[in-house]
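What follows is the residue order along each chain.
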Amino acid sequence: MKKWMLSLLASLFCVSIMAQEDATEAIKKEIRDIKLSEKYIYGEGTSAKSLEVAHSIAAEKIHVNILTMLTDEGYSSKDANARWDELQASLKCLEYHQGPLYKSFAYLPEVALL
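A quick note: this is a predicted structure, and the numbers were derived from the prediction, not measured.

How each quantity is defined
- Residues numbered from 1 in each chain as written.
- Predicted model: local features only at pLDDT ≥ 70, side-chain atom pairs only at ≥ 80, totals over all residues.
- Heavy atoms only, no water.
- Phe/Tyr/Trp six-rings, centres within 6.5 Å; stacked < 30°, edge-to-face > 60°.
- Pairing = 2+ DSSP bridges.
- Helix = DSSP H or I, 4+ residues; strand = E, 2+ residues; numbered from the N terminus.
- Axes fitted to C-alpha atoms, helices over the stretch in contact; angles between N-to-C directions.
- Contact = heavy atoms within 4.5 Å.
- Core = buried A, V, L, I, M, F, W, Y, C linked by side-chain atoms within 4.5 Å.
- Buried < 20%, exposed > 50% of the residue type's maximum accessible area, 1.4 Å probe, protein only.
- Salt bridge = Lys/Arg side-chain N within 4 Å of Asp/Glu carboxyl O.
- Expected span 1.5 Å × (residues − 1).

J.: Account for the packing of aromatic side chains, with residues named and values stated.
T.: Counted according to the given criterion, the structure contains three aromatic pairs. Connected via pairs of aromatic rings, a cluster forms that spans Tyr 40, Tyr 42, Phe 105 and Tyr 107.

Structure representation (structure tokens):
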């Protein structure tokens, strides 16, 4: 009886790990598709501390990318920052764990800048 219960618990544990791996793979595929489409502006963050730290790193990277694009298009620094403030509400994020690391991928469609 104990052997049967142990086997059942081990198989449930394996199923949960496989389901988590499938979810992570789906997120990685979505990230890969976004990068390859060239229709998005994105930033990536990685942290060993927490998901929040990884998210703030990703958000800072996309912030820098957008400010650079806007100033290259002739926006003043003040106007570019004001535009960023408007765009932050549209920021989308994908997050997952990879081993001991927390990963965050923040993105916006390029058309949001128009």
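J.: Before we move on, can you summarise the pairing of strand S2 (residues 92–98) with the specific residues and values?
T.: As defined by bridge partners, S2 adjoins strand S3 (residues 101–109) across seven bridges and the pair is classed as antiparallel. Bridge assignment links Gln 98 to a residue of S3, and that residue is Leu 101. The turn linking S2 back onto S3 is made up of two residues, and Gly 99 within it adopts a positive phi angle of 65°.

J.: Lay out the sheet that holds S3 in plain terms, naming residues and giving numbers.
T.: One open sheet accounts for three strands, arranged S1-S3-S2; its pairing is antiparallel. Both edges of this open sheet fall to strand S1 (40–47) and S2, since each of them pairs with a single strand only. Across the sheet, the mean angle separating the axes of adjacent strands is 15° when strand polarity is ignored. Packed onto the sheet, helix H2 (residues 51–72) meets S1, S2 and S3 and runs at close to 145° relative to S1.

J.: I'd like to hear about the nonpolar core, residue by residue, with values.
T.: The nonpolar side chains of a soluble globular protein tend to be buried with one another. If you look at the biggest cluster of nonpolar residues, it comprises twelve residues: Ile 41, Ala 58, Ile 62, Ile 66, Leu 67, Leu 70, Ala 80, Trp 84, Leu 87, Ala 106, Leu 108 and Leu 113. Mapped by element, the contributors of at least two residues to this core are H2, helix H3 (77–87) and S3. If near-sequence neighbours (up to four positions away) are discounted, Leu 108 is found in contact with Lys 39, Tyr 40, Ile 41, Ile 62, Ile 66, Leu 87, Ser 90 and Leu 91. By size, the runner-up hydrophobic cluster in this structure holds six residues, among which are Ile 31, Leu 94, Tyr 96 and Phe 105.

J.: An account of the pattern of salt bridges is needed here, citing residue identities and associated values.
T.: Overall, the coordinates contain four salt bridges when judged by the stated rule. Among the salt bridges present, the one from Glu 44 reaches Lys 35, with a minimum N-O distance of 3.1 Å. Residue class for Glu 44 comes out partly exposed when judged on its relative accessible area of 35%. What makes Lys 35 partly exposed here is its relative accessible area of 31%. Glu 86 serves as the salt-bridge partner of Arg 83, at 2.8 Å between the closest nitrogen and oxygen. Of this pair, Arg 83 and Glu 86 are both found in helix H3, three residues apart, which corresponds to roughly one turn of the helix. Its relative accessible area of 52% is what places Glu 86 among the exposed residues.

J.: So what's going on with H2? Residues and values would help.
T.: Given 3.6 residues per helical turn, the α-helix brings residues three or four places apart onto the same face. Spanning 22 residues, H2 covers 32 Å between terminal C-alpha atoms, matching the ideal 32 Å at 1.5 Å per step. Buried within H2 are the following residues: Ala 54, Ala 58, Ala 59, Ile 62, His 63, Ile 66, Leu 67 and Leu 70. The elements touched by buried residues of H2 are S1, H3 and S3. In the stretch just after H2, Gly 74 is the one whose phi turns positive, near 105°.

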